[in-house]
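Tertiary structure, described
Chain by chain, the residues run as shown.
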Amino acid sequence: MSLYILCLVLFAIGLYCLLVKKNLIKKIVGLGITEYAVNLFFILLGYTRGGEAPILSKDTPITNFVDPLPQALILTSIVIGLGVTALMVAITVRIYEKYRTFDINEIRRLRG
Amino acid sequence: MLPIFVIIPLGGAFLIPILAKYRQGLAQLTANLCAGLLLFFSLCSISWLKTGIKIYYIGGWRPPFGICMVLDGLTVLMLLVVNLIGALALVYSIDYIKKYTSTYLYYTLFCLLLAGLNGIVISGDLFNLFVFLEITSIASYSLIAFGAEAEELEAAFKYLVLGSVADTLILLAIGMLLGSVSTLNMADISRSLSNSTSVNLIKYSTALFIIGFGLKTALVPLHAWLPDAHPAAPAPMSAMLSGVVIKIVGVYALVRVIFNIIGFNQLLSSVFIWLGIISMSVGVLLAIGQWDFKRLLAYHSISQIGYVVFAIGLGTPLGIAAGLFHLFNHSLFKSLLFLNSGAVEYSTGTRRLEKLGGLYQSMPVTSATSLVASFSIAGIPPFCGFWSKLMIIIAAFAANNIIGAVVCILVAMVTLASFLKVQKYAFMRKAEEAGSGIKEVPVFMKISMLCLALLCILIGLFFVPFVDTIIKPAAAVLLEGTNYAKSVLGV
């Protein structure tokens, strides 16, 4: 249980960083932390203490195995996270070229 | 036959950059061909539905183990919305997008967007839905930033941050459901949840789903990104974003999860109703003061989506049908209005209403179609928006929700006032300086706008057969609630 709570604390730190920090680069780091907290949460769902790899064989039946489904999902989720982060970095570079700053308070041309 | 809805646009997105190396014109040809085929197949899917719901098992694996694709009434309605607006927006793009460079990238991203939207609609697996959601999101972030000017990049970054928060919340909610029932197939989750013991986990995941999809729908406390993001995109993309993306990614995914997987109840009904009421009133009040044509339309999108969520939240058969009908109508007239605003910007170079004027002489097609769309959104009788708003108001009175019904009527009046302002400033009044250089837009933009205006009028005139053939089966899917599991699994 304490592992799940720590995982949610990590999620909250990432969300705080993403929403409150004024620097675009820090926001990107915050998004990374949030994504990895969720990925960790998925891995924890499938985890069992002392579990083995779930490979079926006739000779040695495995009784205590790790759930492979969340791990397969997380591989997809990591790749998606990479795509989103890359896009975010690319947009940040272009924003820096236009505004000459990473400070969100100075990037305010849209109003109303 | 069901995977074609994903295969065609994905294949198109793959081919376009390769073909564009040889000749630039092939890119738009391929994209339009894909969209045309998709529109044809989604019209066919109406008749496929006559023999009951269709299920495709990917790789032949049956539901609890494999991923399946499901075609039911709601799916057919949403496929029609996506592919109709997608095809017309692409026809419009042929002329409009010429002012940008690297147009083949625009068509590639547009095809990816169509693939993601069709995938969300047709998928029967919760994690698969999430993956398609991400494809849609990434394509729409990049299309908003497509102009790469300062404002567009700023809007795209804002949308990216809030969109990613929504995506992580949705993924967390999916994780919680996976943790409590150990399955990802929607029908199987729904069946397992009915005899599950972890009630608290289901409550948390429901709350996370509402916040996550609510952010994507831009319901009012979560709407901050929409008025920046939608006007920043190129006009056909704005039409897609306001007309289709917020409905599929937001409303469709939300109601599918809430009605068919978790199960609708009294508490959720009041949450939907109040979110809807707040969205429609705040959205329209913020819209009155706007002078930027596209920004005004973006605020009206928030308000109109409020109507849809309110009506579906009533939970009665009439309410759900009215909400889905309004969703379809809104996709028609809001896309048309965004295309009109794009045409105005294309010809005059500005979107500020106070700088425009007298366009009904120089741009007759644009002003006539925008008049049709404005009457539709404001709810003037023979046009399509009137019938769906009337149905929503009757449904609210029938469900004894007097506050909601009164708010619906008041918001409709304010909407009318707001669009009279648009008509007066942009089209009707005399231009102060002689607008001699202003010409009507090229032919493909005209065709696309005329088609949408014609559909607005036709659906307004023949709304009874339309509601019977398309809307009723869609509402029936939501009404059967968690019995969805039985019809998909065939138990």
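Residues numbered from 1 in each chain as written. Chains lettered and ligands numbered in written order. Predicted model: local features only at pLDDT ≥ 70, side-chain atom pairs only at ≥ 80, totals over all residues. Heavy atoms only, no water.

1. Describing the interface of chain A and chain B
At the junction of the two partners, chain A supplies 35 residues and chain B supplies 36 residues. Taken over both partners, the interface formed by chain A and chain B buries close to 3,100 Å², and the fraction arising from carbon and sulfur atoms is 81%. At the junction of chain A with chain B, the criterion picks out zero salt bridges. Contributions of two or more residues to the side of chain A that touches chain B are made by α1 (2–20), α2 (24–46) and α3 (68–99) of chain A. Ranked by residues supplied to the side of chain A that touches chain B, first place goes to α3(A) with 16 residues. Residues that form the side of chain A that touches chain B fall into these classes: 22 nonpolar, six polar and seven charged. (Contact = heavy atoms within 4.5 Å. Buried area = accessible area lost by both parts, 1.4 Å probe. Salt bridge = Lys/Arg side-chain N within 4 Å of Asp/Glu carboxyl O. Helix = DSSP H or I, 4+ residues; strand = E, 2+ residues; numbered from the N terminus. Nonpolar A, V, L, I, M, F, W, Y, C, P; charged D, E, K, R; others polar.)

2. Let's talk about helix α15 (residues 364–378) of chain B
Residue and element names in this part refer to chain B. Across its 15 residues, α15 extends 21 Å between first and last C-alpha, which sits within 8% of the 21 Å expected from 1.5 Å per residue. Taken across its 15 residues, α15 has 11 buried, putting it largely inside the fold. When α15 is considered as a whole, its buried residues turn out to be Val365, Thr366, Ser367, Thr369, Ser370, Val372, Ala373, Ser374, Ser376, Ile377 and Ala378. On its buried side, α15 packs onto α12 (293–314), α13 (317–348), α14 (359–362), α16 (384–398), α17 (402–428) and α18 (443–461). Trailing α15 by a residue or two, Gly379 shows a phi angle of about 85°, which is positive. (Expected span 1.5 Å × (residues − 1). Buried < 20%, exposed > 50% of the residue type's maximum accessible area, 1.4 Å probe, protein only.)

3. A few points about the packing of helix α3 (residues 73–96) of chain B against helix α10 (residues 235–262) of chain B
Residues and elements named next belong to chain B. Look at α3 against α10: their axes get within 9 Å of each other, and the N-to-C directions meet at 165°. Between α3 and α10, the angle is such that the two are roughly antiparallel. As α3 packs across α10, the resulting crossing turns out to be left-handed. Residue-level inspection shows Leu74, Thr75, Met78, Val81, Val82, Ile85, Gly86, Ala89, Tyr92, Ser93 and Tyr96 of α3 in contact with α10, the latter providing Ala235, Pro236, Ala239, Met240, Gly243, Val244, Ile248, Tyr252 and Arg256. (Axes fitted to C-alpha atoms, helices over the stretch in contact; angles between N-to-C directions. Parallel < 35°, antiparallel > 145°, perpendicular 65-115°, else oblique. Left-handed = near helix turned anticlockwise from the far one by under 90°.)

4. Examining the pairing of strand β2 (residues 68–71) of chain B
Residues and elements named next belong to chain B. Alternating positions in β2 separate into two faces, Cys68 and Val70 on one and Met69 and Leu71 on the other, with burial throughout. Note that strand β1 (residues 54–57) and β2 share four bridges and pair antiparallel. Paired with Lys54 across the strands is Leu71, a residue of β2. (Pairing = 2+ DSSP bridges.)

5. As for the pattern of salt bridges
All names here are of chain B. If you walk through the whole model with that rule in mind, you get 11 salt bridges over all chains. Between Glu354 and Arg352 there is a salt bridge, and its shortest N-O distance comes to 3.6 Å. Of the residues examined, Arg352 reaches a relative accessible area of 32% and is grouped as partly exposed.

6. Quick look at the confidence of the model for chain B
Summing up the model confidence of chain B, the mean pLDDT is 91 and the portion of residues at 70 or higher is 98%. As scored by the predictor, the complex reaches a pTM of 0.94 and an ipTM of 0.94. (pLDDT = per-residue confidence, 0-100.)

7. Observations concerning the side chain of B:Asn83
Residue and element names in this part refer to chain B. In this fold, Asn83 is placed in helix α3. Looking at Asn83, the relative accessible area reads 1%, which means it is buried. Those residues within four positions of Asn83 in sequence are excluded, and the remaining contacts are Phe5, Leu38, Leu39, Ser42 and Asn118.

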